[in-house]
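# Observations on chain architecture
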Amino acid sequence: MAKGKTATVFFCQNCGYESSKWMGQCPGCREWNTLVEETISKSPYAGGAAAVGGAASSGRRGRAVPTVLSQVAVREEDKLSTGMGELDRVLGGGIVQGSLTLVGGDPGIGKSTLLLQVCRNLSGAGHKVLYISGEESLTQIKLRADRIGDFASVMLLLCETNLDAIGEVIRSEKPEAVVIDSIQTMYNENVSAAPGSVSQVRESTGILLQLAKGLGVSVLIVGHVTKEGTVAGPRVLEHMVDAVLYFEGDKHASYRVLRGVKNRFGSTNEIGVFEMREQGLAEVKNASEYMLNGRPENASGSVVACTMEGTRPLLVEVQALVCHSNFGIPRRQTIGTDFNRVNLLMAVLEKRSGVQLASCDAYVNITGGLKLSEPAIDLGIVIAVLSSFKNRVLSQKLVAFGEVGLSGEVRAVSMARQRVAEAEKLGFDTCVLPWVCAEDFRKNSHGHTIRIIGVKTVQDVMDSLF
């Protein structure tokens, strides 16, 4: 293909907005100082439609004919099991044939290790796998692979960044699964911008999408993240892929949480929990028990709350420290939950229950490094704050969940029976929950030994526990 003329265009590194001149603020995402200058080639290839499957050339293949919806045949997608139950849960049962999956996360969190373990499991099951690295040498990959375990002979390695050469290898070898580590190191010769730029990331993903859909190859790509925690490059990158998975957790801690934020073949509410070990990432089958390890004994301000991650109930410890402030403006700080939500709950306690918190410093922490936003942990935060304020130690076998409103009412939450069953399975003997959920549980559940305390307001919580 003969190359055409070149032109200078400014791209937003956050959302991919294209402009002919530089601007301080991006009109697309309203972020400041995100437009960077890139040189692009005005070739027939350049353009989004050609990059993602040739929609612009459909006229040359013949007239498009619509299909009646009722006549479309539906078949179950073929899914490859990764050999890791936690990952299969997040993916919706496994890797779909011909899918394009993006895995993002902080540096050193374990993205490459996880995908190399997936390659080991797939190759061990007899599937031909190709691992392509643009960041590490074959020796570096071999050293990591030796720590993980033995690999089958159908596992192939390639160190390359040129997408034309990568495409030729994929077409000739015909693997069932391909791993690209990482998309920011790949480049397309038809785009004159530097690797990792907005243009290169977008066009490279388009080529990989063509290969995945055209050849029926499952492609998993690693994406670097920005300081805000989003995938580096334009937001259109997330729209092009079939699934987006994010690794969460402190890289200095041993646990990792894999969360699906987009999935065309399954739910986006599921999470997978892993533990980083010397041999790689190990699955955590009972996440609740793992998160509660090391709980303090006979300490005020500590309570266990139950949150739902998809269909999985997860028990976490909520800690609160409330003490009188030595300054005119008390300090409030939260880790793992919304700062404004905690301030709101403390205001509700002061208004509806007469607890004088206005002159107190307050610190709330969700242990384990999880970031929770479900309203069901409101009741756990309220109980932890009251326990610390009154310096009253609560039972180690107490669990709580429920949403708290501005009037001080405790509102019902979904999937209450699953939450209570998870708490009972782990040996908890008392559960504080909304009164509506408690009544429903008593009517429709039998054979349970856990004690149920239904509360209507935060005042009921104080009367029952304090």
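For clarity, every value in this text was computed on a predicted model and none was experimentally measured. (Residues numbered from 1 in each chain as written. Predicted model: local features only at pLDDT ≥ 70, side-chain atom pairs only at ≥ 80, totals over all residues. Heavy atoms only, no water.)

Taken as a whole, this structure holds 17 salt bridges when the rule is applied. Note that K128 and E173 form a salt bridge whose closest N and O atoms lie 3.1 Å from each other. Placement of the pair is K128 in the loop between α3 (111–124) and β7 (129–133) and E173 in helix α5 (residues 163–173), with a sequence separation of 45 residues. Take K128: its relative accessible area is 26%, and that puts it in the partly exposed class. The class of E173 is partly exposed, set by a relative accessible area of 33%. Residues R411 and E409 are paired through a salt bridge, measuring 3.1 Å at the closest nitrogen-oxygen approach. Under the relative-accessibility criterion, R411 is labelled partly exposed at 44%. (Salt bridge = Lys/Arg side-chain N within 4 Å of Asp/Glu carboxyl O. Helix = DSSP H or I, 4+ residues; strand = E, 2+ residues; numbered from the N terminus. Buried < 20%, exposed > 50% of the residue type's maximum accessible area, 1.4 Å probe, protein only.)

With 48 residues, the main nonpolar core has V318, L379, I381, I383, V385 and V432 as its most contacted residues. Ranked by residues supplied to this core, first place goes to helix α10 (residues 378–390) with seven residues. The contact partners of V318, leaving out residues within four places of it in the chain, are G301, S302, V303, A305, V364, N365, I366, G380, I381 and A384. If you look at the next biggest cluster of nonpolar residues, it comprises 29 residues, including I95, V103, M155 and V179. (Core = buried A, V, L, I, M, F, W, Y, C linked by side-chain atoms within 4.5 Å. Contact = heavy atoms within 4.5 Å.)

Predicted confidence across the protein gives a mean pLDDT of 86, with 89% of residues reaching 70 or more. Contacts of residues 43–60 to residues separated by more than four positions or lying in other chains number 27 contacts, the stretch itself having pLDDT below 50. (pLDDT = per-residue confidence, 0-100.)

Strand order in the open sheet made by the seven strands is β17-β18-β16-β15-β19-β22-β23, with mixed pairing throughout. The two strands at the open ends of the sheet, each matched to only one other strand, are β17 (332–335) and β23 (451–455). Going across the sheet, the axis of each strand differs from the next one's by a mean of 25°, ignoring polarity. The sheet contacts of α10 involve β15 (302–309), β16 (312–324), β18 (360–366), β19 (398–400), β22 (430–434) and β23, and relative to β16 the element is tilted by about 35°. Against the sheet, helix α13 (residues 458–465) contacts β19, β22 and β23, and its axis sits at roughly 140° relative to β23. (Pairing = 2+ DSSP bridges. Axes fitted to C-alpha atoms, helices over the stretch in contact; angles between N-to-C directions.)

The next thing to look at is the side chain of S288. You can see S288 is positioned in helix α8 (residues 287–291). With near-sequence residues (within four places) excluded, S288 lies in contact with P313, L314, L315, E422 and L426.

This model, assessed by the stated rule, comprises one aromatic pair. Over the aromatic face of F401 sits the side chain of R419, whose NZ or CZ is 5.5 Å from the ring centroid. A cation over a ring is seen here: K456 above W435, with NZ or CZ 4.4 Å from the ring centre. (Phe/Tyr/Trp six-rings, centres within 6.5 Å; stacked < 30°, edge-to-face > 60°. Lys NZ or Arg CZ within 6 Å of the ring centre and 35° of its normal.)

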